[in-house]
Amino acid sequence: MTIIATWNVNSIRARLPVVVDWLQSAKPDIVLLQEIKTVKESFPYEEIGDLGYNIALVGQKSYNGVAILAKRPIEDVLDHLPGNEGDESARYIEAVVGDVRVASIYVPNGQEVGAEQYHYKLKFLEHLREHARTLLTYDEAFVLGGDYNIAPTDEDVYDPKLWKDRIHCSQPERAAIRQIEMLGLTDLTRALHPANEPSGKDLYSWWNYRTRAWDTNSGLRIDLLLASPQAVDRLEASGIDTDPREAPKASDHTPVWCRLR
DNA sequence: ATGTCCACATTTTGTGGA
């Protein structure tokens, strides 16, 4: 049994107490972190290592940064997204842990539709799709987890009319996610919690600090676990744990998890 | 346009990013 979670922590150092609490209570086997916002030298190796986790990370000063925490050994680490070599921002780490391959991905935010960063976001997603196509040829269980910065459908948005065609919800962004899914990857949250079932209603992973969106559950579901067929065959449970979003000094994102047999 | 939270530098406030 393997619990895999993805979580944009918005600075690992600012979030350390919340992260430590959650690791102790949820006891995930593999955690995919985004926006650790630090370099290796300042990562809290001791505090997290003491909880029994191995750590692999790609760091960056101030911005971005992704990590993999795992109770089992972390092997065959890849520190960048193939095809995206010219990009120095720390947005991708992939590795093999036991019998599953995982990636922790921080897709560019995009700022606003049409911006330079928006086109960079769509280009990143093209590279991700091509890499997913390659990974599928391995015929193995893998989970690509991360902050995709895209709400795949209107069902993933608290107010679709307000967000129509805006960043996170624009048609080209949604098409990019669909094109990755159409290769044969499954959104593990929706797989067990369809939007038309009670457990699939108001299922969000991010709430804007600026609008105090948490207070009214005005969220978006932009953190995803996209899995290969071999991983889907092992899927036992999935969900979004909102407890850490309730904590003092919370991240604006909360952990999204799955359990594979 | 606004709101809040983070890192960092030139700090005891400003700037950029989300």
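Each remark here, short or long, concerns the structure printed above.
Since we're looking at a predicted model, the values are computed, not measured.

The rules we used
Residues numbered from 1 in each chain as written. Chains lettered and ligands numbered in written order. Predicted model: local features only at pLDDT ≥ 70, side-chain atom pairs only at ≥ 80, totals over all residues. Heavy atoms only, no water. Helix = DSSP H or I, 4+ residues; strand = E, 2+ residues; numbered from the N terminus. Rg over C-alpha atoms; globule rule 2.2 N^0.38 Å. Buried < 20%, exposed > 50% of the residue type's maximum accessible area, 1.4 Å probe, protein only. Contact = heavy atoms within 4.5 Å. Pairing = 2+ DSSP bridges. Axes fitted to C-alpha atoms, helices over the stretch in contact; angles between N-to-C directions. Near = heavy atom within 4 Å. Polar contact = N/O pair within 3.5 Å; in protein donor to acceptor, adjacent residues only side chain to side chain. 1 Å grid on protein atoms, 1.4 Å probe; cavity = no way out; pocket = protein on both sides within 12 Å on 5 of 7 lines; lining within 4 Å. Points joined across faces, edges and corners; volume = space filled by probe spheres on them. Nonpolar A, V, L, I, M, F, W, Y, C, P; charged D, E, K, R; others polar. Salt bridge = Lys/Arg side-chain N within 4 Å of Asp/Glu carboxyl O. Phe/Tyr/Trp six-rings, centres within 6.5 Å; stacked < 30°, edge-to-face > 60°. Lys NZ or Arg CZ within 6 Å of the ring centre and 35° of its normal.

**Observations regarding the overall build of chain A**
Inference 1: Broken down by element type, chain A carries eight helices and 14 strands.
Inference 2: In terms of overall dimensions, chain A is globule-like: its C-alpha atoms have a radius of gyration of 17 Å, near the 18 Å expected for 261 residues.
Inference 3: Counting all 261 residues of chain A, 56% fall into the buried class.
Inference 4: Summarising the internal contacts of chain A: among those between residues at least 6 apart in sequence, 68% fall at separations of at least 24.

**Structural notes on the sheet that holds strand β8 (residues 142-147)**
Inference 1: Taken in spatial order, the six strands line up as β5-β6-β7-β8-β12-β9 in an open sheet, and their pairing is mixed. Edge positions in the open sheet fall to β5 (74-78) and β9 (186-187), since each of these has one partner strand only.
Inference 2: Sheet analysis places β9 next to strand β12 (residues 223-227), joined by two bridges and oriented antiparallel. Across the sheet, Asp-187 pairs through a bridge with Leu-226, a residue of β12.
Inference 3: Contacts from helix α3 (residues 116-136) reach β5, β6 (92-97), β7 (100-106) and β8, with the element oriented near 165 degrees to β8.

**Section: the protein's contact with DNA strand B**
Inference 1: The full set close to DNA strand B counts 16 residues, and Ser-11, Arg-15, Lys-61, Ser-62 and Arg-210 are the nearest of them.
Inference 2: Sugar plus phosphate: this is where 61% of the atoms of DNA strand B within 4 Å of the protein reside.
Inference 3: In the model, a sugar or linking oxygen of DNA strand B is placed 3.4 Å from a nitrogen or oxygen of the Asn-109 side chain.
Inference 4: Here Tyr-209 contributes a backbone N or O atom positioned 3.2 Å from a sugar or linking oxygen of DNA strand B.

**Description of the layout of surface pockets**
Inference 1: Space inside the largest pocket adds up to approximately 690 Å³.
Inference 2: Forming the walls of the largest pocket are 31 residues, and the residues nearest its centre are Asn-109, Asn-149, His-168, Trp-206 and Arg-210.
Inference 3: By residue class, the composition of the lining of the largest pocket is 12 nonpolar, 13 polar and six charged.
Inference 4: Quantified by volume, the second largest pocket comes out at close to 180 Å³.

**Points about the pattern of salt bridges**
Inference 1: Taken as a whole and judged by the stated rule, the model has 13 salt bridges.
Inference 2: Linking Arg-129 and Glu-130 is a salt bridge whose minimum nitrogen-to-oxygen distance equals 3.7 Å.
Inference 3: When salt bridges that share partners are traced, they join Asp-156, Asp-187, Arg-190 and Arg-221 into one network.

**Some points on the side chain of Ser-170**
Inference 1: Mapped onto the fold, Ser-170 is located in the loop between α4 (160-163) and α5 (171-182).
Inference 2: Of the polar contacts made by the side chain of Ser-170, one reaches the side chain of Tyr-118; its length is 2.7 Å.
Inference 3: In contact with Ser-170, other than residues within four places in its own chain, are Val-113, Tyr-118 and Asp-165.

**Thoughts on the packing of aromatic side chains**
Inference 1: Overall, the coordinates contain three aromatic pairs when judged by the stated rule.
Inference 2: Arranged with centres 5.4 Å apart and planes meeting at 70 degrees, the rings of Trp-7 and Trp-22 form a pair that is edge-to-face. Here the residue Trp-7 occupies a position in strand β1 (residues 2-8), and Trp-22 occupies one in helix α1 (residues 16-26), the gap between them amounting to 15 residues.
Inference 3: Trp-7 sits in the buried class, given a relative accessible area of 0%.
Inference 4: Centroid distance Trp-207 to Trp-214: 4.8 Å. Interplanar angle 90 degrees. Geometry classified as edge-to-face.
Inference 5: When the ring centre of Trp-163 is taken as origin, the NZ or CZ atom of Arg-166, which lies over that ring, is 4.4 Å away.

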